[in-house]
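Analysis of the macromolecular model
So you can see what is in the structure, the chains are spelled out below.
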Amino acid sequence: MIENPEHKMYQRTKTVSSPNKTKVRKQLTEKVDDFDKYGIRRKVHQFWHDRDTPTLDKILVSVNEDNGLPNFSRTSLFRLLKSTDFVYMKRGRNSGLIEKSEIILWRRRYLKDIKRYREEGRPIYYLDETWVNAGDVNSKVWVDKTVTSARVASSEGLSTGVINPTGKGKRLIVSHIGSEDGFVPGGLLCFESKKNTQDYHDEMNGDSFRDWLEGVLPRLKENAVIVMDNAPYHSVKIEKCPTTNWRKDDIIA
């Protein structure tokens, strides 16, 4: 006969205790199904679509206000986001941008066109504009360390060295065009800026660009392709679209 241990304990202590049972609780990731997880993920991405920063408090409000999703505490939502591969990390200012689909298609179309032009043997020219300050100089120069003062330089018939610029000086706008053969001879356009602005595009306009380009075209090879960016003065319409400020006689003319 096998004696029951509980019966033996009762005979000794005259008491009976229930066995300890550990309750197994479901993890948070097990309580939330995949459908709800996908809904929460879309909530986070909606902030990015709206160009807003998805902080934990904003996500919590957005999720709890949705009747189709379960309610969460702040801590529970934080754990759920981490379990669905969201990472809370420091933002970087040099991070790569995720480009829009139309930009990707634009670049793809450009590469296909360039490839076709090269296969056809057509010469390809690239043009662009930039600016340079007249006071821009080399950052390093040769210096005679034996000349310690103007008096020493004068007595020995020497100079005090190169004169350093006191400012950036005048701004020059530069435009040029070139190909794999180098810059086109006579294709340089350089003039003094009249405005003190940070954007050199303000100095160019459709008329000046057209006059310069018409002078450059005869210098290019036949059947050439010109590659340029979409600056406003590169695609000026000869006939402007009428606006509400136009008079009736101007529209009819």
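Residues numbered from 1 in each chain as written. Predicted model: local features only at pLDDT ≥ 70, side-chain atom pairs only at ≥ 80, totals over all residues. Heavy atoms only, no water.

Going by an unreviewed UniProt entry, the protein chain carries the name Tc1-like transposase DDE domain-containing protein and comes from Acyrthosiphon pisum.

The next subject is the overall build of the protein chain. Tallying secondary structure elements over the protein chain gives nine helices and five strands in all. When each of the 253 residues of the protein chain is scored for burial, the buried share is 22%. In the protein chain, 59% of the contacts between residues at least 6 apart in sequence involve partners at least 24 apart. Element-wise, carbon and sulfur atoms account for 52% of the exposed surface of the protein chain, whose accessible area totals about 21800 Å². (Helix = DSSP H or I, 4+ residues; strand = E, 2+ residues; numbered from the N terminus. Buried < 20%, exposed > 50% of the residue type's maximum accessible area, 1.4 Å probe, protein only. Contact = heavy atoms within 4.5 Å. Areas by Shrake-Rupley, 256 points an atom, 1.4 Å probe, with all protein chains shown as cover.)

What follows deals with the packing of helix 3 (residues 34-49) against helix 4 (residues 56-64). Taken N-terminus to C-terminus, the directions of helix 3 and helix 4 make an angle of 125°; their axes are 10 Å apart at the nearest point. Judged on the interaxial angle alone, helix 4 and helix 3 are oblique. Once helix 3 is placed against helix 4, the crossing between them reads as right-handed. For the pair helix 3 and helix 4, the contacting residues are Ile40, Lys43, Val44 and Phe47 in the first and Lys58, Ile59, Ser62 and Val63 in the second. The residue inventory of the contact of helix 3 with helix 4, partitioned by class, reads five nonpolar, one polar and two charged. (Axes fitted to C-alpha atoms, helices over the stretch in contact; angles between N-to-C directions. Parallel < 35°, antiparallel > 145°, perpendicular 65-115°, else oblique. Left-handed = near helix turned anticlockwise from the far one by under 90°. Nonpolar A, V, L, I, M, F, W, Y, C, P; charged D, E, K, R; others polar.)

Further remarks concern the pairing of strand 2 (residues 171-179). Note that strand 1 (residues 124-133) and strand 2 share eight bridges and pair antiparallel. Paired with Tyr126 across the strands is Gly178, a residue of strand 2. As judged from the four bridges shared by strand 2 and strand 4 (residues 189-192), these two strands associate in the antiparallel manner. Its bridge partner being in strand 4, Leu172 is matched across the sheet by Glu192. Summarising the sheet, strand 2 and strand 3 (residues 182-183) pair through two bridges and their orientation is antiparallel. (Pairing = 2+ DSSP bridges.)

This next bit is on the packing of aromatic side chains. Tallied over the entire structure, the rule returns two aromatic pairs. Judged by centre distance (5.9 Å) and plane angle (45°), the rings of Phe209 and Trp212 are tilted. Of this pair, Phe209 and Trp212 are both found in helix 8 (residues 206-216), three residues apart, which corresponds to roughly one turn of the helix. One exposure class covers both Phe209 and Trp212, and it is buried. Taking 6.0 Å as the distance between ring centres and 55° as the angle between the ring planes, the aromatic pair formed by Phe209 and Tyr233 counts as tilted. Of the two residues, Phe209 sits in helix 8 while Tyr233 sits in the loop between strand 5 (225-227) and helix 9 (248-252), which places them 24 residues apart along the sequence. Of the two residues, Phe209 and Tyr233, both sit in the buried class. Taken together through their ring pairs, the aromatic side chains of Phe209, Trp212 and Tyr233 make up a single cluster. (Phe/Tyr/Trp six-rings, centres within 6.5 Å; stacked < 30°, edge-to-face > 60°.)

This next bit is on the pattern of salt bridges. Summed over the entire model, instances satisfying the criterion amount to seven salt bridges. Across the pair Lys221 and Asp181 runs a salt bridge, and its minimum N-O distance is 2.9 Å. Of this pair, Lys221 sits in the loop between helix 8 and strand 5 while Asp181 sits in the loop between strand 2 and strand 3, and the two are 40 residues apart along the sequence. Among the residues examined, Lys221 registers a relative accessible area of 48% and is labelled partly exposed. A salt bridge links Glu214 to Arg210; the shortest N-O distance between them is 3.1 Å. Within this pair, Glu214 and its partner Arg210 are both found in helix 8, separated by four residues, close to a single helical turn. Exposure remark for Glu214: the relative accessible area of 44% places this residue in the partly exposed category. Among the residues examined, Arg210 registers a relative accessible area of 46% and is labelled partly exposed. Salt bridges linked by common partners bring Asp113, Arg116 and Glu120 together as one network. (Salt bridge = Lys/Arg side-chain N within 4 Å of Asp/Glu carboxyl O.)

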